[in-house]
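# Structural features, examined
This is what each chain is made of:
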Amino acid sequence: MTAPLTPPPHQPPHNNGQGDPWQAPDPMTGHLPPAPSAPHAGQQDGPGLRTELREAAVVTVGVALAGLLLGALWLWLAPRVPLVSDASAVYLKDTEGEQAIGIDGTFTLLGLAFGAVTGAAVFLWRKRGGIALVVALALGSLLGGVLAWRFGVWLGPTQDVAAHAKALGKGVVFDAPLELKAKGALLAWPLAAMVVHLGLTGLFGPRDPDPYATYYAPRDEASAAG
């Protein structure tokens, strides 16, 4: 007596490299849906490392150079600290004035504004984001803040207060050199840029495709049709 040659009733069909062997056939054609194609070995995700580094360098330099504009605006908008000389020493004309605090506050507010603008501009230029772009934005903002500080001081009143007072004479009021006492204000620009850029990227940036959406969609449709 010989055993039957028919295969067991629950034996899965051969795959033959096409689709999932347990996947239900298409009810319209009766064929299995094609399996998702594997990515090519040489295919790269994104523009490539060289392009990302080039774009990061452009962002760093461009944002840092914007510090020249911030420095000029800081000099223009910051309050002045009046000084006066009595021929032997130089004194504050208004000992209870808060101009020095206003100078730091003006720089901080301008840094926050420049951070918001540059963060939004970089996002609109390259919406895909990326670690290199974010690092470049942070580095460029920090360099821009330092450049704005030094440029504003250089454009402002002379640092040689004694010689300037001697040249003007006794009792003549003149402006003190521009000075940033709160060095933490240098972080206002990069912090604002990071918050705005990451927020816009999270809200409006491109989404990664679901790798399982195509693979499971035919099975779900077949189950619904059955």
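To be clear, the structure that these remarks concern was listed above.
One structure accompanies this document, and this report is about it. (Residues numbered from 1 in each chain as written. Predicted model: local features only at pLDDT ≥ 70, side-chain atom pairs only at ≥ 80, totals over all residues. Heavy atoms only, no water.)

## A short note on the pairing of strand β1 (residues 82-85)
- Neither face of β1 is exposed, since Pro 82 and Val 84 on one face and Leu 83 and Ser 85 on the opposite face are all buried.
- Here β1 runs beside strand β3 (residues 173-175); their pairing, made up of three bridges, is antiparallel. Residue pairing for β3: Val 84 is matched across the bridge by Val 173.
- Where β1 hands over to strand β2 (residues 90-92), the hairpin turn is made up of four residues, of which Ala 87 adopts a positive phi near 80°. (Buried < 20%, exposed > 50% of the residue type's maximum accessible area, 1.4 Å probe, protein only. Helix = DSSP H or I, 4+ residues; strand = E, 2+ residues; numbered from the N terminus. Pairing = 2+ DSSP bridges.)

## Description of the pattern of salt bridges
- Tallying each qualifying case throughout the model produces three salt bridges.
- The partner of Arg 126 in a salt bridge is Glu 55, and the shortest N-O contact between them spans 2.8 Å. Here Glu 55 lies in helix α1 (residues 49-77) and Arg 126 lies in the loop between α2 (99-125) and α3 (131-155), a separation of 71 residues in the sequence.
- Overall, Arg 126 belongs to the partly exposed group, its relative accessible area being 24%.
- With relative accessibility at 10%, the residue Glu 55 sits in the buried group. (Salt bridge = Lys/Arg side-chain N within 4 Å of Asp/Glu carboxyl O.)

## Things to note about the nonpolar core
- In this structure, Val 59, Leu 70, Trp 74, Phe 107, Leu 137, Trp 149 and Leu 180 are the most contacted members of the largest nonpolar core, which totals 31 residues.
- With seven residues, the single largest contributor to this core is α3.
- Setting aside residues no more than four positions away along its own chain, Leu 70 makes contact with Phe 107, Leu 110, Gly 111, Phe 114, Ala 148 and Trp 189. (Core = buried A, V, L, I, M, F, W, Y, C linked by side-chain atoms within 4.5 Å. Contact = heavy atoms within 4.5 Å.)

## Re the environment of Val 59
- Topologically, Val 59 is positioned in helix α1.
- Those residues in contact with Val 59 that sit more than four places away from it in its chain are Val 122, Trp 125, Leu 133, Ala 136 and Leu 137.

So far we have only geometry, and geometry alone does not tell us how the molecule works.
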